[in-house]
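This is what each chain is made of:
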Amino acid sequence: MEHSGPDGRTGSRGAYLDHAATTPMRAEAVAAMLPYCTAEFANPSGVHAAARRARRALDDARDEMASVLGCAPGEVVFTSGGTEADNLAVLGVHGRVGGLVVTSAIEHDAVLNPARRVGARIVGVTAQGVVDLDALALALDETATLVSVMAVNNEVGTVQPLDDVVASVRRAAPRALVHSDAVQAVVWRDVAVELAECDLVSVSAHKFGGPKGVGALVVRRRAVGALGAICAGGGQERGLRPGTENVAGIVAMAAAARATVDERAGACARTRRLRDRFLDGLTEAVPGMVESAPRDLTAPGHAHVRFPGVAAEELLFLIDEAGVAASAGSACSSGAIEPSHVLRAMGWRGPAVREAVRFTLGPATTEAEIDFAADVVAAAAASLTGLDAMGD
Ligand SMILES: Cc1ncc(COP(=O)(O)O)c(C=O)c1O
């Protein structure tokens, strides 16, 4: 895709391989939101004609999101993004019904931090980055009220076995609701089908071509009485998420979601081919490179690797200079690279945790970007290990 290079000039040579961090907005989403940033700016809670038009746009977006997420329109609660949706699920259930929260060690901090706050039981994962189902079964008991397991991990990209998770919960903790953070799943997985048995599902628009700062929590009927608001205010979103709705953002999210889902099958096949080409190219060019998780267990856009003896921070600096955007295992808001809790949970120890780099492709990633990035990364890794790129 065409994107701003390191000097900010659009169209300069480069590669954006950080789609798990955020995605460019889709043209459909920009077009859909513009009228609601300008002429149609009214507050949907009002009583006048302009407000009713805004309300209608909100209702249409709710219908669209419900169809994409496989739920009824009344089960969609709009939020300010994935973090708020995850917090609402964890703190909203615990605040209303108490009990035990169980979650996995590889969740995003938006789940892990609220879960820790309420004394959650944290379940380990396998060395391949998949939730340990035996450990989950042992952690469950009749006091559990919420079990939260993500659909696709944001760092290594592993797809989690949600059918097995749900079955285990229904067996051992019949009172518990199941929440899944599907923030990284919408682009690659059929969330409507695969998460149909989950009671609560979080999504975030900016991970699938929508704007930042808007998302949703699916609250299925079974969960309604067990979930309270975590913010006090007006009665919007059935009282579960008070505050004036972000109409423009919500309309854009719905347009992005529809376009994403309509194109999903083709995007998955094309992206998987490009991801494999990238990894195969690097494997050949960088002796010793290690892939962090088996490709068949990960979402098509994820290429998480380790270059032994090369500090991720230094590699990222060099490739950024050359126009390739990627990230370390986990970015944090200060920009500093923290050792990843996900890799630690997978059993990584010592310098390895600082050698991991995450490349994530999106539906718009091109072959030219991939080939350019592979050359740049191989040259950077070679220069940092004192070897010549490609051995010549
Ligand atoms: C798995 C996962 N959950 C939650 C979030 C938080 O979403 P948001 O940026 O919309 O708050 C992210 C964002 O990186 C994520 O990858």
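Conventions we followed
- Residues numbered from 1 in each chain as written.
- Predicted model: local features only at pLDDT ≥ 70, side-chain atom pairs only at ≥ 80, totals over all residues.
- Heavy atoms only, no water.
- Helix = DSSP H or I, 4+ residues; strand = E, 2+ residues; numbered from the N terminus.
- Rg over C-alpha atoms; globule rule 2.2 N^0.38 Å.
- Contact = heavy atoms within 4.5 Å.
- Areas by Shrake-Rupley, 256 points an atom, 1.4 Å probe, with all protein chains shown as cover.
- Lys, Arg positive; Asp, Glu negative; His and termini not counted.
- Charge placed at Lys NZ, Arg CZ, Asp CG, Glu CD.
- Buried < 20%, exposed > 50% of the residue type's maximum accessible area, 1.4 Å probe, protein only.
- Phe/Tyr/Trp six-rings, centres within 6.5 Å; stacked < 30°, edge-to-face > 60°.
- Pairing = 2+ DSSP bridges.
- Salt bridge = Lys/Arg side-chain N within 4 Å of Asp/Glu carboxyl O.
- Domains from an automatic or database assignment.
- Buried area = accessible area lost by both parts, 1.4 Å probe.

**As for the overall build of the protein**
Step number 1: When its secondary structure is counted, the protein shows 12 helices and 13 strands.
Step number 2: For 392 residues, the compact-globule formula gives about 21 Å, and the C-alpha radius of gyration of the protein, at 21 Å, lands near that figure.
Step number 3: Once the C-alpha set of the protein is aligned to its principal axes, its extents read approximately 70 × 55 × 35 Å.
Step number 4: Across the protein, contacts joining residues at least 24 apart in sequence account for 69% of those joining residues at least 6 apart.
Step number 5: Summing over all exposed atoms, the protein offers an accessible surface of approximately 15600 Å²; the carbon and sulfur share of this is 53%.
Step number 6: Measuring between centres, the 36 positive side-chain charges of the protein sit 7 Å from its 47 negative side-chain charges.

**Notes on the environment of Val247**
Step number 1: Take Val247: it is sitting in helix α8 (residues 247–262).
Step number 2: Given the relative accessible area of 8%, Val247 is considered buried.
Step number 3: Those residues within four positions of Val247 in sequence are excluded, and the remaining contacts are Tyr36, Pro44, Ala54, Ala57 and Leu58.

**Here we look at the packing of aromatic side chains**
What describes a pair of aromatic rings is the distance from one ring centre to the other and the angle between the planes of the rings.
Step number 1: All told, the structure shown has one aromatic pair when counted by the stated rule.
Step number 2: Aromatic side chains Phe278 and Phe359 sit 5.0 Å apart centroid to centroid with 75° between the ring planes, which places their arrangement in the edge-to-face category. Here Phe278, found in helix α9 (residues 264–285), pairs with Phe359, found in strand β13 (residues 356–360); they are 81 residues apart in sequence, far enough to count as distant. Across this residue pair, the class does not change: Phe278 and Phe359 are buried.

**Here we look at the pairing of strand β5 (residues 144–148)**
Step number 1: β5 sits mainly inside the fold: five of its five residues count as buried.
Step number 2: Relative to β5, strand β3 (residues 100–104) is paired through four bridges, and the arrangement is parallel. Across the sheet, Val102 pairs through a bridge with Val147, a residue of β5.
Step number 3: Across three bridges, the pairing between β5 and strand β6 (residues 177–181) is parallel. Across the sheet, Ser148 pairs through a bridge with His179, a residue of β6.

**As for the pattern of salt bridges**
Step number 1: The full count for this structure, using the stated rule, is 22 salt bridges.
Step number 2: Its salt-bridge partner being Asp276, residue Arg275 comes within 2.9 Å of it at the nearest N-O pair.
Step number 3: A residue is classified by how much of its surface remains accessible, and Arg275, at 1% relative accessible area, is buried.
Step number 4: The class for Asp276 is partly exposed, based on a relative accessible area of 22%.

**Comments concerning helix α4 (residues 109–117)**
Residues three or four positions apart in an α-helix share a direction because the helix packs 3.6 residues into each turn.
Step number 1: When we look at burial in α4, the residues that qualify are Ala110, Val111, Leu112, Pro114 and Ala115.
Step number 2: Of the residues flanking the end of α4, it is Gly119, one or two places downstream, whose phi is positive at about 70°.

**Thoughts on the domain arrangement of the protein**
Step number 1: If you check the domain split of the protein, you get domain 1 (27–262) and domain 2 (265–391).
Step number 2: Summarising the inter-unit geometry, the C-alpha centres of domain 1 and domain 2 are found 29 Å apart.
Step number 3: Across the boundary between the two partners, domain 1 contributes 22 residues, which contact 25 residues of domain 2.
Step number 4: Where domain 1 abuts domain 2, roughly 1800 Å² becomes buried across the two surfaces, and 62% of that area is made up of carbon and sulfur atoms.
Step number 5: Together, Glu155, Val156 and Trp188 form the three largest contributors to the area buried by domain 1 at its contact with domain 2, with a combined 46%.
Step number 6: Connecting domain 1 to domain 2 are zero salt bridges.

**Here's the deal with the pairing of strand β2 (residues 76–79)**
Step number 1: Where burial is concerned, the two faces of β2 agree: the one with Val76 and Phe78 and the one with Val77 and Thr79 are both buried.
Step number 2: Across four bridges, β2 lies against strand β8 (residues 215–219) in antiparallel orientation. Bridged to Phe78 within β8 is Ala216.

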